[in-house]
Amino acid sequence: MTAPANETLAPADVLQEPDREAQVSRKRPASAAKLPTKESAAAAKRRERILTVLVPIFVIAGLIALWQVMVTVNDIPHYILPGPGLVVNSLMSDWHILLPALWVTTKITLASLALALIGGGGMAILLVQSRWIETALYPITVILQVTPIIAIAPLILIYAPSTQAALLICAFVVAFFPILSNMVQGLKSVDHNLLNLFELYGASRWQTLIYLKLPASLPYFMTGLRIGGGLALIAAVVAEFAAGSAGAGSGLAFRLLESQFRLNISRLFAALFLLASLGVLIFALTSFISWWTLHRWHESSLKREN
């Protein structure tokens, strides 16, 4: 006697049901997985920003701690290598001496950078307008760049009307060429198809310059700005070393020399700290200007979507 058909098929259906679910789950596309929410993406971005700030702080703190341990363990005299605590004390006690010197160095650096921006940008525009002008003037700028500033500083000090003017000229000469070189390269790197399009629509030379070449060269100009900012500070310090100026109008370079002669190494380290801080501040400022100018349209500052 045979069993009913529904009783023989039921166990087979029950056994095959899990296999069907497994096959369906295997056939699900990867896009069906749970996508990250906006809250989780924002939290990940906040964590990334925090790590970006904290990692350099921890590294610097570790180096300072290593410095202190090395001074303490080796019992190094303070007139050879002072500890971080002595440097901080010197920074606070000599603040009335270091602050005016910092202000003098800052003024010379920023003024020379501003002149280099105006002069370098203006000469770059002039050079690209005529090949004859570029052939005549560009080699002179190259000669000024490759000649060490410490070699021509004594001549500048002789012929300049004042020491401050000589320092300004030295810093300008060093910061001028990177801005000029990057600007010229940017003006020459315009897409030829766009140039042909402007010619097709009958644009004049000045219209092409204002509406096409200058916007296209802006990333190169911002690169020259970041490079020139650091070089202007370096040139200002080197020129003051060569000048050896003293008195109320002296900058941080003279305070470095003075601290060296007096074996006041803690003040020397404090002046070095201020110089490094000024350099970092200038770099951060020029980087922000570059980002603020380019972040809406240029690929170097746009955020990736994937």
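Residues numbered from 1 in each chain as written. Predicted model: local features only at pLDDT ≥ 70, side-chain atom pairs only at ≥ 80, totals over all residues. Heavy atoms only, no water.

1. A word on the packing of aromatic side chains
Logical step 1: Scanning the entire structure with this criterion turns up four aromatic pairs.
Logical step 2: For the pair F172 and F176, a centre-to-centre distance of 5.4 Å together with 40 degrees between the ring planes defines the contact as tilted. Of this pair, F172 and F176 are both found in helix α7 (residues 163-188), four residues apart, which corresponds to roughly one turn of the helix.
Logical step 3: On the basis of relative accessible area, F176 is assigned to the buried category, the value being 11%. (Phe/Tyr/Trp six-rings, centres within 6.5 Å; stacked < 30°, edge-to-face > 60°. Helix = DSSP H or I, 4+ residues; strand = E, 2+ residues; numbered from the N terminus. Buried < 20%, exposed > 50% of the residue type's maximum accessible area, 1.4 Å probe, protein only.)

2. Comments concerning the nonpolar core
Logical step 1: The biggest cluster of nonpolar side chains holds 18 residues, and the ones touching the most others in it are A124, L180, V184 and L187.
Logical step 2: Secondary structure elements with two or more residues in this core: α4 (95-129), α7 and α9 (205-243).
Logical step 3: Looking at this core element by element, the count peaks at seven residues for α7.
Logical step 4: Leave out the neighbours within four places in its chain, and A124 touches L180, M183, V184 and L187.
Logical step 5: Counting 17 residues, the second largest nonpolar core, distinct from the first, contains L102, L233, V237 and A253. (Core = buried A, V, L, I, M, F, W, Y, C linked by side-chain atoms within 4.5 Å. Contact = heavy atoms within 4.5 Å.)

3. Section: helix α8 (residues 192-200)
Because each turn of an α-helix spans 3.6 residues, side chains separated by three or four positions in sequence point in the same direction.
Logical step 1: Regarding α8, its N-cap is D191, as a side-chain oxygen of that residue lies 3.1 Å from the backbone nitrogen of N193 further along.
Logical step 2: A positive phi of about 75 degrees marks G202, the residue just after α8. (Polar contact = N/O pair within 3.5 Å; in protein donor to acceptor, adjacent residues only side chain to side chain.)

4. Describing unusual backbone geometry
Logical step 1: Phi angles above zero are rare outside glycine, and D75 is one such case at about 55 degrees.
Logical step 2: What makes D75 exposed here is its relative accessible area of 63%.
Logical step 3: A positive phi angle, close to 55 degrees, is found at L263, a residue other than glycine.
Logical step 4: Assessed through its relative accessible area of 55%, L263 is described here as exposed.

5. Quick look at the packing of helix α3 (residues 84-93) against helix α11 (residues 265-294)
Logical step 1: At a minimum axis separation of 8 Å, α3 and α11 run at an interaxial angle of 75 degrees. Taken together, the axes of α3 and α11 are roughly perpendicular relative to one another. Of the residues in α11, those in contact with L86, V87, S90 and L91 of α3 are S266, R267, F269, A270, F273 and L274.
Logical step 2: Split by residue class, the contact of α3 with α11 holds seven nonpolar, two polar and one charged. (Axes fitted to C-alpha atoms, helices over the stretch in contact; angles between N-to-C directions. Parallel < 35°, antiparallel > 145°, perpendicular 65-115°, else oblique. Nonpolar A, V, L, I, M, F, W, Y, C, P; charged D, E, K, R; others polar.)

6. As for the UniProt feature "transmembrane region" (unreviewed entry) in the chain
Logical step 1: As recorded in UniProt, the feature "transmembrane region" (unreviewed entry) lies at residues 50-70, 108-128, 135-159, 165-184, 227-248 and 268-294.
Logical step 2: Counting secondary structure, residues 108-128 comes out at 100% helix and 0% strand; the distance between its end C-alpha atoms is 30 Å.
Logical step 3: The distance separating the terminal C-alpha atoms of residues 135-159 is 28 Å; by composition the span is 92% helix and 0% strand. (UniProt positions renumbered as here; feature names shortened; annotations may be inferred.)

7. Regarding helix α5 (residues 131-146)
Logical step 1: For α5, which comprises 16 residues, the first-to-last C-alpha distance of 22 Å matches the rise-based estimate of 22 Å (1.5 Å per residue) to within 8%.
Logical step 2: The largest bend along α5 measures about 30 degrees and falls at L137, with the proline P139 one to four residues further on.
Logical step 3: Of the residues that open α5, the one with a side-chain oxygen 3.3 Å from the backbone nitrogen of W132 is S130. (Expected span 1.5 Å × (residues − 1). Bend = angle between axes of the 7 residues up to and from the residue.)

8. Overview of a nonpolar patch on the surface
Logical step 1: A cluster of nonpolar residues, I50, V53, L54, I57 and F58, forms a patch on the protein surface that exposes about 480 Å² of accessible area.
Logical step 2: Topologically, V53 is positioned in helix α2 (residues 38-74). (Patch = residues over 30% accessible without salt bridge, like charges linked within 9 Å, V, L, I, M, F, W, Y side chains within 5 Å. Areas by Shrake-Rupley, 256 points an atom, 1.4 Å probe, with all protein chains shown as cover. Salt bridge = Lys/Arg side-chain N within 4 Å of Asp/Glu carboxyl O.)

9. Structural notes on the packing of α4 against α9
Logical step 1: Running from amino to carboxyl end, α4 crosses α9 at an angle of 145 degrees, the nearest separation of the two axes being 8 Å. Note that α4 runs across α9; the crossing there is right-handed. Together, T105, I108, T109, S112, L113, L117, I125 and Q129 of α4 and R205, L209, L214, F221, L225, G228, G229, A232, L233, A236 and E240 of α9 make up the contact between the two elements.
Logical step 2: In the contact of α4 with α9, the residues fall into eleven nonpolar, six polar and two charged. (Left-handed = near helix turned anticlockwise from the far one by under 90°.)

10. A word on the side chain of S217
Logical step 1: Tracing the sequence through the fold places S217 in helix α9.
Logical step 2: Polar side-chain contacts of S217 include one of 3.0 Å to the backbone oxygen of L214.
Logical step 3: Each residue touching S217, except ones within four places of it in the same chain, is listed here: M183, G186 and L187.

11. Some details on the pattern of salt bridges
Logical step 1: Under the counting rule described, the total for this entry stands at five salt bridges.
Logical step 2: R255 is paired through a salt bridge with E258; the nearest N and O atoms lie 2.9 Å apart. Taken as a pair, R255 and E258 lie in helix α10 (residues 252-261) at a separation of three residues, close to a single helical turn. For the pair formed by R255 and E258, the shared burial category is buried.
Logical step 3: Here R262 ties to E258 by a salt bridge, and the two come within 3.4 Å at their closest N and O atoms.
Logical step 4: Overall, the relative accessible area of 57% leaves R262 in the exposed class.
Logical step 5: Overlapping salt bridges, with partners in common, bring together D94, R255, E258, R262 and R267 in one network.

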